[in-house]
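Structure at a glance
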Amino acid sequence: SSSSGDEALRDKRARILSRGLPKQKPIEGVKQVVVVASGKGGVGKSTTAVNIALALAANDSTKEVGLLDADIYGPSIPKMMNLKGNPELTPKNLMRPLKNYGIACMSMGFLIEETAPVVWRGLMVMSAVEKLLRQVDWGQLDYLVIDMPPGTGDVQLSVSQNIPIAGAVIVSTPQDVALLDAHKGAEMFRKVHVPVLGLVQNMSVFQCPKCKHETHIFGSDGVRDLAKTLGLDILGDVPLHVNIRETCDSGQPVVIS
């Protein structure tokens, strides 16, 4: 009958489609993965990721926390976490993360010269991401915070589809052009079934150190409006403050300094 033929065709189609999707496989030793993402670059995503990792460890000293820098082209975790050098290899040929402030860190920045550009095509980048995800000996971690590259491209999709993620945090400034990209980022995570934990509004207000007058350089409450549109929570509102920038640049992030 034609209905059983249709059913067989549907089954076959479902089997072919499911073959194309990567199977999610947890990272060995890691309990929860939290990704920190943004649509646009330069909105303070890495600064947020570093301080979230340090805050998770500071809030509960019994928890082990790791930090993975998935930004292959512009790794900034080594500088912010004040780490240099090449990872050692275990007998199983896995890379050992470098550690500072109690946080285990892995980054492309440990594998190349500090000033060397990564002039790679997509396939090489994907291979590097796969190595950073699968060929690192994290030991036992309660949380792994992943600092994602900006945008909604191959790396974001690959990370989201290859490992189970507890949730994503989206960072944006209140500026309209940043919000457009943050909206796309949130929608991408929804498409790949990663829960979005909420939004962080960064660089929300600048207070003059002399007269204390407050200026909304990038606009005010743009991220709050986006959160309402998307039905998401605002997790934090971070001012544009020279101390946050200076402490990260000097490798002593504001949470621990």
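Below: a short report on this structure. Source: prediction; values computed, not measured.

So, on to the side chain of Ser172. Inspection of the secondary structure assignment puts Ser172 in strand β6 (residues 167-172). When neighbours within four sequence positions are excluded, Ser172 is seen to be in contact with Val43, Ala178, Leu179, Ala182, Val200, Gln201, Asn202 and Val223.

When we look at burial in helix α7 (residues 222-230), the residues that qualify are Gly222, Val223, Leu226, Ala227 and Leu230. Down the axis of α7, the buried set is contained in an arc of 135°. They therefore lie on one face. Residues of α7 that are buried sit in contact with β6, α6 (176-191), β7 (196-202) and β10 (234-238). Gly231 lies just past α7 and shows a positive phi near 70°.

On to the sheet that holds strand β1 (residues 30-37), then. Spatially, the eight strands line up as an open sheet ordered β3-β4-β2-β5-β1-β6-β7-β10, and their pairing is mixed. One side of each edge strand has no neighbouring strand; the edge strands of this open sheet are β3 (98-100) and β10. Direction aside, neighbouring strands of the sheet carry axes that sit 25° apart on average. Summarising the sheet, β1 and β6 pair through four bridges and their orientation is parallel.

A separate point is the nonpolar core. Membership of the largest hydrophobic core comes to 69 residues, with the highest contact counts inside it found for Leu67, Trp138, Ile146, Val159 and Phe189. In contact with Phe189, other than residues within four places in its own chain, are Val35, Ala37, Met148, Ser160, Ala168, Ile170, Val194 and Val196.

Two numbers describe a pair of packed helices, the interaxial angle and the distance between the axes. Packing of α6 against α7 leaves a shortest axis separation of 11 Å and a crossing angle of 30°. Our classification of the angle between α6 and α7 gives roughly parallel. Relative to α7, the crossing made by α6 is right-handed. Each of Leu179, Ala182, His183, Ala186, Glu187 and Arg190 in α6 lies in contact with α7, whose residues at this interface are Gly222, Val223, Leu226, Thr229 and Leu230. Looking at the contact of α6 with α7 residue by residue, the class counts come to six nonpolar, three polar and two charged.

On to a nonpolar patch on the surface. Taken together, the side chains of Val254, Val255 and Ile256 present a nonpolar region at the surface, about 190 Å² in accessible area. The topology assignment puts Val255 in the segment after α8 (242-249). For Val255, a relative accessible area of 36% puts it in the partly exposed group.

Another aspect to go through is the packing of helix α4 (residues 122-134) against helix α5 (residues 154-162). In contact at an axis separation of 10 Å, α4 and α5 are set at 35° when each is read in the N-to-C sense. Read as a crossing pair, α4 and α5 show a hand that is right-handed. Only Asp154, Val155, Ser158, Val159 and Asn162 of α5 make contact with α4, whose side of the interface consists of Val125, Met126, Val129, Glu130, Leu133 and Arg134. For the contact of α4 with α5, the residue count by class is six nonpolar, two polar and three charged.

Turning our attention to the layout of surface pockets. Estimates place the volume of the largest pocket at around 460 Å³. If you go around the largest pocket, you meet 21 residues; those closest to its centre are Pro78, Leu83, Lys84, Gly109 and Glu114. Per-class residue counts for the lining of the largest pocket are nine nonpolar, seven polar and five charged. Looking at the second largest pocket, its volume works out to about 320 Å³. Along the wall of the second largest pocket there are 20 residues; nearest its centre are Val43, Gly44, Thr47, Asn202 and Met203. At the level of elements, α2 (45-59) and α8 are the ones that each hand at least two residues to the lining of the second largest pocket. Here the lining of the second largest pocket takes four residues from α8, the largest share from any one element.

About the criteria used
Residues numbered from 1 in each chain as written. Predicted model: local features only at pLDDT ≥ 70, side-chain atom pairs only at ≥ 80, totals over all residues. Heavy atoms only, no water. Helix = DSSP H or I, 4+ residues; strand = E, 2+ residues; numbered from the N terminus. Contact = heavy atoms within 4.5 Å. Buried < 20%, exposed > 50% of the residue type's maximum accessible area, 1.4 Å probe, protein only. Arc of directions from axis to C-beta. Pairing = 2+ DSSP bridges. Axes fitted to C-alpha atoms, helices over the stretch in contact; angles between N-to-C directions. Core = buried A, V, L, I, M, F, W, Y, C linked by side-chain atoms within 4.5 Å. Parallel < 35°, antiparallel > 145°, perpendicular 65-115°, else oblique. Left-handed = near helix turned anticlockwise from the far one by under 90°. Nonpolar A, V, L, I, M, F, W, Y, C, P; charged D, E, K, R; others polar. Patch = residues over 30% accessible without salt bridge, like charges linked within 9 Å, V, L, I, M, F, W, Y side chains within 5 Å. Areas by Shrake-Rupley, 256 points an atom, 1.4 Å probe, with all protein chains shown as cover. Salt bridge = Lys/Arg side-chain N within 4 Å of Asp/Glu carboxyl O. 1 Å grid on protein atoms, 1.4 Å probe; cavity = no way out; pocket = protein on both sides within 12 Å on 5 of 7 lines; lining within 4 Å. Points joined across faces, edges and corners; volume = space filled by probe spheres on them.

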